[in-house]
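Chain and residue survey
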There are 2 protein chains.
Amino acid sequence: MKLTNFFLPTKKEVPSEAKIVSHRLMLRAGLIRMETSGIYSWLPLGYKVLEKIRHIIEFQHLQKNINQMLMPTIQSSDIWIQSRRYDSYGEEMLRITDRNQKKLLYGPTNEEMITVLGKDYIQSYKELPLYLYHIQNKFRDEIRPRFGVMRAREFLMKDAYSFDIDKKSAEKTYELFFNLYLNIFNKMGLNIIPVRALSGEIGGDLSHEFHCLCETGESEIVVDTNILEPQKSESFSTFSNYYSSTIEYFEKSGIENSKLKVKKSIELGHIFLFGDKYSSSFDFKINSPSGLIFPYMGSYGIGLSRIPAACIEINHDEKGIIWPQQISPFDLIIINLRVKSELCVNFCNEMYDVCKNQNIDILFDDRDERIGVKFSEADLIGIPFQLLIGKRFEEDSVIELKNRKTGDVLEITEKEFLENYLKKIRQ
Amino acid sequence: MKLTNFFLPTKKEVPSEAKIVSHRLMLRAGLIRMETSGIYSWLPLGYKVLEKIRHIIEFQHLQKNINQMLMPTIQSSDIWIQSRRYDSYGEEMLRITDRNQKKLLYGPTNEEMITVLGKDYIQSYKELPLYLYHIQNKFRDEIRPRFGVMRAREFLMKDAYSFDIDKKSAEKTYELFFNLYLNIFNKMGLNIIPVRALSGEIGGDLSHEFHCLCETGESEIVVDTNILEPQKSESFSTFSNYYSSTIEYFEKSGIENSKLKVKKSIELGHIFLFGDKYSSSFDFKINSPSGLIFPYMGSYGIGLSRIPAACIEINHDEKGIIWPQQISPFDLIIINLRVKSELCVNFCNEMYDVCKNQNIDILFDDRDERIGVKFSEADLIGIPFQLLIGKRFEEDSVIELKNRKTGDVLEITEKEFLENYLKKIRQ
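Because the structure is predicted, anything quoted here is derived from the model rather than measured.

What counts and what doesn't
- Residues numbered from 1 in each chain as written.
- Chains lettered and ligands numbered in written order.
- Predicted model: local features only at pLDDT ≥ 70, side-chain atom pairs only at ≥ 80, totals over all residues.
- Heavy atoms only, no water.
- Domains from an automatic or database assignment.
- Contact = heavy atoms within 4.5 Å.
- Buried area = accessible area lost by both parts, 1.4 Å probe.
- Salt bridge = Lys/Arg side-chain N within 4 Å of Asp/Glu carboxyl O.
- Polar contact = N/O pair within 3.5 Å; in protein donor to acceptor, adjacent residues only side chain to side chain.
- Least-squares fit on C-alpha atoms with pLDDT ≥ 70 in both.
- Core = buried A, V, L, I, M, F, W, Y, C linked by side-chain atoms within 4.5 Å.
- Buried < 20%, exposed > 50% of the residue type's maximum accessible area, 1.4 Å probe, protein only.
- Helix = DSSP H or I, 4+ residues; strand = E, 2+ residues; numbered from the N terminus.
- Phe/Tyr/Trp six-rings, centres within 6.5 Å; stacked < 30°, edge-to-face > 60°.
- Pairing = 2+ DSSP bridges.
- Right-handed = clockwise from strand over helix to strand, strands pointing away.
- Axes fitted to C-alpha atoms, helices over the stretch in contact; angles between N-to-C directions.
- Parallel < 35°, antiparallel > 145°, perpendicular 65-115°, else oblique.
- Nonpolar A, V, L, I, M, F, W, Y, C, P; charged D, E, K, R; others polar.
- Expected span 1.5 Å × (residues − 1).
- Disulfide = S-S within 2.5 Å.

1. Topic: the domain arrangement of chain A
Accessible area lost upon the coming together of the parts is a frequently used measure of interface size. Residue and element names in this part refer to chain A. With domains assigned, chain A is organised as domain 1 (7-317) and domain 2 (330-426). For domain 1 and domain 2, the distance between their C-alpha centres works out to 38 Å. Listed as interface residues are nine residues of domain 1 and, on the opposing side, seven residues of domain 2. The contact between domain 1 and domain 2 buries some 770 Å² in all, and 56% of this surface belongs to carbon and sulfur atoms. If you sort the residues of domain 1 by the area they bury against domain 2, T10, L45 and K48 come out on top, with a joint share of 44%. At the surface where domain 1 touches domain 2, the tally comes to three salt bridges. Ionic pairing is found between D361 and K52, a salt bridge with its closest N-O pair at 2.8 Å. The interface formed by domain 1 and domain 2 contains four residue pairs in polar contact (both at pLDDT 80 or more).

Here it is as structure tokens:
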């Protein structure tokens with residue numbers, strides 16, 4: 001995309017309510033816009049990041065043959081009354097009355113709906129295990145929405161649901177999702193710690209959250225110091241060797257261990273094994289070799305629209321965002337520093353076409369704008385690599401490849417760029 | 001995807017409320033499920049069709065450098081009060097009060113929000129024309145939701161918005177979207193007639209709808225009989241030569257013309273040029289060579305989740321759906337008719353891998369199920385090509401390629417299939 005065609009409304013000043021750095025940078029870099037309290041639009045640059053994250057999640061789910069579907073945002077209150085969560089969910093649930101006086105709600109999660117769906121279609125244990133997921137907006141009417149998309153009211157969530165014949169099979173499914181989640185966050189360039197968690201409103205007795213360490217995070221986790229060392233092979237069994245939990249779980253468990261530390265963090269995922277809690281509420285029985293049984297169920301959520309904010313909290317400097325290559329909105333930005341030079345214009349256009357043909361997701365700053373503005377905006381939006389075409393190119397055919405994170409600038413020829421660096425830039 | 005891993009809950013019987021064929025077939029083929037009146041889940045097979053449609057729309061918008069973003073579903077009522085549509089929109093608007101007694105609503109469309117966004121970011125005519133779009137759920141509280149996803153309350157819509165400096169530039173933009181829409185529907189394998197339409201609630205004085213002819217459609221259009229002939233080159237200027245309009249527009253215009261016919265149809269898209277209606281409501285002014293002006297705006301919608309239903313109304317037979325290749329959930333279904341034969345199992349698996357490597361979106365019926373069930377379900381779900389592996393393969397290495405639409409079966413060798421037919425199957 002050429003920047004003259006791309007809607008990138010960067011801002012110099014942001015409202016004082018934006019307290020944490022990710023919120024400020026997302027507003028300044030033109031990623032998001034607040035429409036009303038806790039409700040945001042994703043502007044084109046932000047939307048591109050969301051789509052990169054969505055793509056990683058979808059690809060990894062497909063590898064495990066987990067079926068994608070799409071449930072609606074609006075639900076009937078009937079199913080929530082039947083599960084006894086309609087009253088207990090409290091004021092966070094956005095309750096709605098339609099024109100026919102029927103009580104609806106904006107789904108904060110989908111355990112009820114998927115259970116009724118399962119009951120409608122699944123008759124026999126032979127159809128299990130069955131895994132379904134969707135990526136859909138949720139609404140939780142937070143009393144104090146804050147920190148931008150980190151704690152928004154309307155947000156994008158990936159939620160998966162599983163049906164198994166018994167506890168043992170359900171535990172294998174739980175482990176499959178546990179490892180899938182480690183893999184997904186790894187593919188996003190995020191260092192994640194899974195921690196034991198309370199089940200809360202969802203129910204059940206086995207639950208983990210997935211946290212990234214972050215000094216400005218709102219959560220606290222208690223972890224064995226061994227976990228803080230870089231992991232060699234990350235899997236359910238590796239993490240089972242060491243203690244890690246949310247602070248809330250820790251306080252209830254009464255464990256004492258001198259190797260444990262409390263760390264600030266951000267929660268990005270949460271998985272639950274809740275057994276037959278919902279299948280029994282809805283009297284959802286299936287045939288099995290031992291007669292009619294309630295299927296064992298679990299649910300598995302990722303706070304998709306929170307991930308860009310968490311990434312920025314961890315990856316930024318005084319100039320702006322530094323995207324991990326895996327979820328950067330673009331792979332590379334070409335900056336023409338001499339828009340009056342035909343030589344530079346032609347060369348930039350040539351590189352732009354070459355990169356596009358190589359499937360590099362590229363932004364080309366072709367604007368007639370001051371060099372200082374171009375530099376500072378490129379640093380602000382945080383694309384990992386910048387290709388600078390200007391004076392050095394005009395005089396000596398030298399192009400400059402800048403690494404946003406380190407600030408290092410390589411002076412290279414066109415040939416070197418195409419042969420040695422292009423493949424490193426592609427995700 | 002192997003069918004043993006794919007959640008495809010076909011049904012023999014459907015509720016009597018399902019009156020039109022697309023609604024019945026979508027329920028029977030396991031594409032959708034009603035959650036509550038006018039609110040549907042898209043099951044995996046249906047979701048795949050939605051994604052094919054989404055991909056065509058996104059690709060074509062990208063070709064025209066139209067920026068994709070994502071606005072929220074929930075809006076503040078304030079902006080609708082300012083545009084004077086809060087009261088006039090009537091009971092179709094789903095009105096919500098949050099925990100802090102603030103009045104919200106589930107967006108039925110986004111003219112207000114995009115205008116406020118434009119006012120926030122656009123200062124000068126030099127930033128125009130600017131085109132933005134998103135694909136997002138909408139809610140319209142229909143008094144009688146019916147015909148499945150054809151007239152649902154929660155539905156998926158693509159809506160684009162344009163900002164131009166003056167009427168002339170806005171008219172060029174309108175023509176750009178008009179041609180883009182013809183192209184998009186053409187890429188979906190749909191024969192579309194654009195018709196002049198009333199602007200209704202949105203406002204402005206230039207508006208077109210995009211209809212497909214369908215005997216069971218709820219709309220009526222009035223068209224010059226010349227338009228009913230297959231079009232050679234479809235563009236704004238071609239269609240300008242002949243009369244075509246909605247019946248409502250026709251009745252207001254008082255035109256008399258013996259060449260006009262009334263036809264039943266389904267509306268799939270609607271575009272509006274409403275000028276400064278919203279920019280003036282929100283006092284959104286920008287700099288221009290002739291001083292401060294209100295930008296000229298337009299909006300451009302496609303009823304995304306209605307398209308699969310319209311396609312089925314037009315493309316089906318007594319056995320089930322016949323998808324146009326362009327939006328079929330899969331390109332090809334391999335059906336193993338002899339699951340006990342090692343020869344057939346191995347060959348099917350080999351073909352499955354070959355097709356996947358060739359980027360063919362493939363479904364493989366690997367189930368241990370009666371042949372009759374396999375045939376009838378394959379016909380029901382309507383994938384354009386079926387590759388049958390059974391007795392003829394075991395005996396003579398002959399594979400059968402069936403065309404779902406014509407019913408023709410070609411008896412061919414593996415070599416012929418790979419060399420001559422594979423490329424025709426790929427979309």
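2. A word on the relation of the copies chain A and chain B
At an RMSD of 0.0 Å, chain A and chain B line up after a rotation of 180° and a shift of 0.0 Å along the axis. Both copies are brought into coincidence by an operation consistent with a two-fold rotation axis. For chain A, the residue whose C-alpha comes nearest the rotation axis is A:I96, separated from it by 2.9 Å. Both copies contact each other with a shared surface, as 100% of the interface residues of chain A are interface residues in chain B too.

3. Concerning the nonpolar core
Buried together is how nonpolar side chains tend to be arranged in soluble globular proteins. Residues and elements named next belong to chain B. With 80 residues, the main nonpolar core has L31, Y181, F185, M188, L268 and L363 as its most contacted residues. Sorting elements by how many residues they give to this core places helix α5 (residues 167-187) first, with nine residues. Of the domains in this structure, domain 1 (7-317) and domain 2 (330-426) are the two that each give at least three residues to this core. Contacts of L363, omitting those with residues within four sequence positions, involve M1, L3, F6, F330, L332, I333, I334, I381 and I383.

4. What about the packing of aromatic side chains?
Counted under the stated rule, the structure contains 33 aromatic pairs over all chains. Taking the centre distance of 6.0 Å and the plane angle of 75° together, the rings of A:F163 and A:F284 count as edge-to-face. On the criterion of sequence distance, the pair formed by A:F163 in strand β8 (residues 154-164) and A:F284 in the loop between α8 (277-281) and β14 (296-302) is long-range, its members being 121 residues apart. Residue A:F163 shares its accessibility class with A:F284, and that shared class is buried. Seen from their ring centres, B:Y243 and B:F250 are 6.2 Å apart, and the 70° between their planes marks the pair as edge-to-face. Given the relative accessible area of 17%, B:Y243 is considered buried. An aromatic cluster of three or more residues is present, and its members are A:Y106, A:F139, B:Y106 and B:F139.

5. Side note on the pairing of strand β18 (residues 362-365) of chain B
Residue and element names in this part refer to chain B. The alternating pattern of β18 places I362 and F364 on one face and L363 and D365 on the opposite face, and all of these are buried. Bridge count for strand β17 (residues 332-336) against β18 is four bridges, and the pairing is parallel. Across the sheet, residue I334 finds its bridge partner in β18, namely F364. At this point the chain moves from β17, through helix α10 (residues 342-357), to the parallel β18, and the crossover so formed is right-handed.

6. As for the sheet that holds strand β17 (residues 332-336) of chain A
All names here are of chain A. Strands sit in the order β18-β17-β19-β20-β21 across an open sheet of five strands; the sheet is mixed. Each edge of the open sheet carries a strand with a single partner, namely β18 (362-365) and β21 (409-412). Sheet twist, expressed as the mean angle between neighbouring strand axes with direction ignored, is 20°. In this fold helix α11 (residues 371-381) packs onto β17, β18, β19 (385-389) and β20 (399-403), with an angle of close to 175° to the strand it touches most, β17.

7. Structural notes on the packing of helix α1 (residues 21-28) of chain A against helix α9 (residues 307-314) of chain A
All names here are of chain A. Axis separation between α1 and α9 bottoms out at 8 Å; the angle between their running directions is 110°. Regarding the angle of α1 to α9, the classification is roughly perpendicular. Contacts between α1 and α9 involve V21, S22, L25 and M26 from the former and P308, A309, I312 and E313 from the latter. Looking at the contact of α1 with α9 residue by residue, the class counts come to six nonpolar, one polar and one charged.

8. Observations concerning α5(B)
Residue and element names in this part refer to chain B. An ideal rise of 1.5 Å per residue puts 30 Å on 21 residues; α5 measures up with 30 Å between its terminal C-alpha atoms. Among all positions in α5, only S169, A170, T173, Y174, F177, F178, L180, Y181, L182, I184 and F185 are buried. Downstream of α5 by one or two residues, G189 has phi in the positive range, about 80°.

9. Regarding the pattern of salt bridges
Within the structure shown, the criterion is met by 58 salt bridges over all chains. We note a salt bridge from A:D283 to A:K285, for which the minimum N-O separation is 3.4 Å. Since its relative accessible area comes to 42%, A:D283 is described here as partly exposed. A:K285 gets classed as partly exposed once you look at its relative accessible area, which sits at 41%. Residues B:E394 and B:R338 are paired through a salt bridge, measuring 2.6 Å at the closest nitrogen-oxygen approach. Separated by 56 residues along the polypeptide, B:E394 in helix α12 (residues 391-396) and B:R338 in the loop between β17 and α10 bring together distant segments of the chain. By relative accessible area, B:R338 is classed as partly exposed at 34%. Linked through salt bridges whose partners overlap, the residues forming this network are A:K11, A:R33, A:E35 and B:D120.

10. Observations regarding the sheet that holds strand β6 (residues 103-106) of chain A
Residues and elements named next belong to chain A. Spatial strand order, β4-β6-β5: three strands in an open sheet with antiparallel pairing. Both outer strands of the open sheet, β4 (74-76) and β5 (94-97), are each paired with one neighbouring strand and no more. Each strand axis lies, on average, 35° off the axis of its neighbour in the sheet, ignoring direction. Of the pairings in the sheet, the one linking β5 to β6 comprises four bridges and is antiparallel in character. Along β6, the bridge assignment pairs T97 with K103.

11. Quick word on the interface of chain A and chain B
Counting from both sides, the interface comprises 58 residues of chain A and, opposite them, 58 residues of chain B. Of all residues in chain A, A:F7, A:R99 and A:Y121 bury the most surface against chain B, accounting for 15% of the area lost on that side. Counting every contact that joins chain A to chain B gives eight salt bridges. A salt bridge links A:D98 to B:R153; the shortest N-O distance between them is 2.8 Å. Across the chain A-chain B interface, the total number found is 24 residue pairs in polar contact (both at pLDDT 80 or more). For the side of chain A that touches chain B, the leading source of residues is helix α2 (residues 44-63) of chain A, giving six residues.

12. A closer look at the state of the cysteines
Residues and elements named next belong to chain B. For the structure shown, the criterion picks out zero disulfides over all chains. Unpaired in terms of disulfides, C311 finds its nearest cysteine sulfur in C212, a separation of 7.6 Å. Relative accessible area serves as the criterion here: at 1%, C311 is assigned to the buried category. C344 supplies the cysteine sulfur nearest to C348, a cysteine that is in no disulfide, at a spacing of 6.3 Å.

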